[in-house]
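Inside the fold
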Amino acid sequence: AQSVTQLGSHVSVSEGALVLLRCNYSSSVPPYLFWYVQYPNQGLQLLLKYTSAATLVKGINGFEAEFKKSETSFHLTKPSAHMSDAAEYFCAVSAPGSNYQLIWGAGTKLIIKP
Amino acid sequence: GAGVSQSPSNKVTEKGKDVELRCDPISGHTALYWYRQSLGQGLEFLIYFQGNSAPDKSGLPSDRFSAERTGGSVSTLTIQRTQQEDSAVYLCASSFDRTGEQFFGPGTRLTVL
């Protein structure tokens, strides 16, 4: 069975600082991995996804994530935070054994300090 | 083209009443998912439809919950005899196939008084 752990329900960074949101997964088969973002009062939007191609995945709005099999991690980063990045970020995993259902982390709320 | 739409956007109901939530997926998407998002929680999988196959209902929390998908397109999630713990945002997503990116609707916020 797959599972996802997001470390930190809230992460606070200063504008211009590095953003690092952590995601660890467990999966008995090679997974697909996703990061979604949910802006206040809006629906979920795909940021980026890993589907067994390049391990460093670039997404929208300057975000990227690196798949590290040895660490079972898929951390999300952005070199310089912007006020507009304030949102909730969800990591998710899917795999063939689960009918490709998305298994979700609990989410991390990113707070940007001016 | 149009994205996933859901209606109503907000629903307030009294405990014990039945509610129906509607989802219009993106045209041509064969997979459709229902999730529930409670305050401060991640997404909880409810049910999954893929083409004409039998739906995966493994996430439905009780027999008060049911869903159908007519003609491989529109889906309706029905909650019978609503309880206060059913209060949540119900999200629908669709994808081209079961491995593809899931596109989410804006959700229906259900409040059970």
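Residues numbered from 1 in each chain as written. Chains lettered and ligands numbered in written order. Predicted model: local features only at pLDDT ≥ 70, side-chain atom pairs only at ≥ 80, totals over all residues. Heavy atoms only, no water.

**Points about the state of the cysteines**
Evaluation of the coordinates by the stated rule reveals two disulfides over all chains. Here C23 of chain A engages in a disulfide with C91 of chain A; their sulfurs sit 1.9 Å apart. With the S-S bond torsion at -65°, the cross-link from C23 of chain A to C91 of chain A turns out left-handed. With C23 of chain A in strand β3 (residues 19-26) and C91 of chain A in strand β9 (residues 87-94), this residue pair connects regions lying 68 residues apart in the sequence. An identical accessibility class is assigned to C23 of chain A and C91 of chain A; each is buried. Here C23 of chain B engages in a disulfide with C92 of chain B; their sulfurs sit 1.8 Å apart. Taking the sign of the S-S torsion, about -65° here, the bridge from C23 of chain B to C92 of chain B comes out left-handed. Taken together, the residues span a long stretch of sequence, with C23 of chain B in strand β3 (residues 19-24) and C92 of chain B in strand β8 (residues 88-95) at a distance of 69 residues. Assigned by exposure class, C23 of chain B and C92 of chain B land together as buried. (Disulfide = S-S within 2.5 Å. Helix = DSSP H or I, 4+ residues; strand = E, 2+ residues; numbered from the N terminus. Buried < 20%, exposed > 50% of the residue type's maximum accessible area, 1.4 Å probe, protein only.)

That is the geometry; function is a separate question.
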